[in-house]
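Summary of the model geometry
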Amino acid sequence: MKSNNSNSFALLTLAIILMSTSGAMGRMISLSPAVAIWIRCLLAVPILLVVVLVRRKKLIIKDRKVLKWITLSGILLGLHWVTYFRSLHLSTVSIGMLALFTYPVFTAILEPFILKTKFDVRSILLAVLAFAGIAIMVPSFSLEDKYTLGIVIGLISAVVYAVRNILVKKISYGQSGVTLMLYQLVVVLLLFWPLLLSDPTFSFGKVIANWEALLFLSVFTTAVAHTLLVICIKQFNVTTLSTLTTTGPIFGSIFGYFLLDEVPSCRTMIGGAVILLVVVLESIRHFSRKVDAN
């Protein structure tokens, strides 16, 4: 059990690192959020389909109730991506990711209501502490500044993402994580198809100009990272998992520095230290619970 627990933690860490590239990739792509997301899904779907077939996972889901929740979670995933990319375009990698990564707080609050679980006061306190670290990292801004709008949209994205993760947890048992992610991406493809056709800024020339970032975003940030995350949802409490992923802004700031020359401020480093403390404390709690269970 200890080995399985360590493997799950390693997979989650890899998922977080890969997902944290979304900030830099989102800023680098000069396409509208809807178009970038549609192409992202278009490239990721066949990859996941191959994985499902090679690993001989169940492809067809006949349970209508499960399909209903998958459809809803797919719609929420698309809404999350649109608001997140919009937040990035209005601000910076650090600010966009910091706003998004308040979602552990919303997860800790919403999970007991949606999944009918008990409130874990310690998890909520750690999530609030993580939120405090994120708040420290946010630079000063004016209410009339575009960064403000970026943060507000990022917070909306955080709420939507929290709900989506909780719903995935609700249907993850007995289902392949890869298959669940595949179905959600198909939902996003169908949902965003009309937006692609109606976008006056869309052109194949822009797609070709952004092919490297789009390919990386599709394969590693989407197909690999999100599938790993869905798999890890089965192994972790949703609030615990969400709190552990608050290292995302730290990795995102690093990618932002190397790819976009965005230098993290002193506030970013202080807030990052607080977040790392939360991750260490939550990791100790998680492994302690596993040991006690054995």
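Look a little higher up for the structure.
The following refers to the structure shown. (Residues numbered from 1 in each chain as written. Predicted model: local features only at pLDDT ≥ 70, side-chain atom pairs only at ≥ 80, totals over all residues. Heavy atoms only, no water.)

With that settled, consider the overall build of the chain. When helices and strands are tallied, the chain shows 14 helices and zero strands. Listing every helix and strand of the chain by position from the N terminus yields α-α-α-α-α-α-α-α-α-α-α-α-α-α. In terms of overall dimensions, the chain has C-alpha extents of about 55 × 50 × 30 Å along its principal axes. When burial is assessed residue by residue, the chain has 52% of its 294 residues classed as buried. Once local pairs closer than 6 in sequence are excluded, the contacts in the chain between residues at least 24 apart make up 88%. Here the chain displays about 13,600 Å² of accessible surface, and carbon together with sulfur accounts for 71% of that area. Placing the 25 positive and 11 negative side-chain charges of the chain at their respective mean positions leaves the two points 14 Å apart. (Helix = DSSP H or I, 4+ residues; strand = E, 2+ residues; numbered from the N terminus. Buried < 20%, exposed > 50% of the residue type's maximum accessible area, 1.4 Å probe, protein only. Contact = heavy atoms within 4.5 Å. Areas by Shrake-Rupley, 256 points an atom, 1.4 Å probe, with all protein chains shown as cover. Lys, Arg positive; Asp, Glu negative; His and termini not counted. Charge placed at Lys NZ, Arg CZ, Asp CG, Glu CD.)

Let us now look at a positive patch on the surface. A cluster of basic residues, K65, K68, K116 and K170, forms a positive patch at the surface. Its place among the elements puts K68 in helix α4 (residues 64–90). (Patch = residues over 30% accessible without salt bridge, like charges linked within 9 Å, V, L, I, M, F, W, Y side chains within 5 Å. Salt bridge = Lys/Arg side-chain N within 4 Å of Asp/Glu carboxyl O.)

This next bit is on empty space enclosed by the protein. Considering all chains together, one arrives at one cavity of 30 Å³ or more under this definition. Computed from the structure, the largest cavity encloses a volume of approximately 160 Å³. Around the largest cavity sit 17 residues that line it, and M19, S22, L100, F101 and Y161 are the ones nearest its centre. Looking at the lining of the largest cavity, the elements with two or more residues in it are α1 (2–19), α4, α5 (93–100) and α11 (211–233). The residue makeup of the lining of the largest cavity, split by class, is 10 nonpolar, six polar and one charged. (1 Å grid on protein atoms, 1.4 Å probe; cavity = no way out; pocket = protein on both sides within 12 Å on 5 of 7 lines; lining within 4 Å. Points joined across faces, edges and corners; volume = space filled by probe spheres on them. Nonpolar A, V, L, I, M, F, W, Y, C, P; charged D, E, K, R; others polar.)

Another point: the side chain of T21. In this structure, T21 sits in the loop between α1 and α2 (22–28). Polar contacts involving the side chain of T21 include one to the side chain of T221, which spans 2.8 Å. Once residues lying within four places of it in the same chain are set aside, the contact partners of T21 are F216, T221 and F255. (Polar contact = N/O pair within 3.5 Å; in protein donor to acceptor, adjacent residues only side chain to side chain.)

This part covers the packing of aromatic side chains. Applying the stated criterion across every chain yields a total of six aromatic pairs. Seen from their ring centres, Y257 and F258 are 5.1 Å apart, and the 80° between their planes marks the pair as edge-to-face. Through pairs of rings, three or more aromatic residues link up here, namely F101, Y103 and Y161. Its guanidinium or amino end placed over the ring of W81, R40 lies 4.0 Å from that ring's centre, counting from NZ or CZ. A cation over an aromatic ring shows up here: K170 above the ring of W69, its NZ or CZ 5.4 Å from the ring centre. (Phe/Tyr/Trp six-rings, centres within 6.5 Å; stacked < 30°, edge-to-face > 60°. Lys NZ or Arg CZ within 6 Å of the ring centre and 35° of its normal.)

Moving on to the packing of helix α8 (residues 146–172) against α11. Where α8 meets α11, the closest approach of the two axes is 9 Å, and the angle between their N-to-C directions is 60°. The orientation of α8 relative to α11 falls into the category oblique. In this structure, the crossing between α8 and α11 has a hand that is right-handed. Residues Y161, R164, N165, V168, K169 and S172 of α8 touch α11, and the partners they reach there are H226, L229, V230 and I233. Split into classes, the residues belonging to the contact of α8 with α11 amount to five nonpolar, three polar and two charged. (Axes fitted to C-alpha atoms, helices over the stretch in contact; angles between N-to-C directions. Parallel < 35°, antiparallel > 145°, perpendicular 65-115°, else oblique. Left-handed = near helix turned anticlockwise from the far one by under 90°.)

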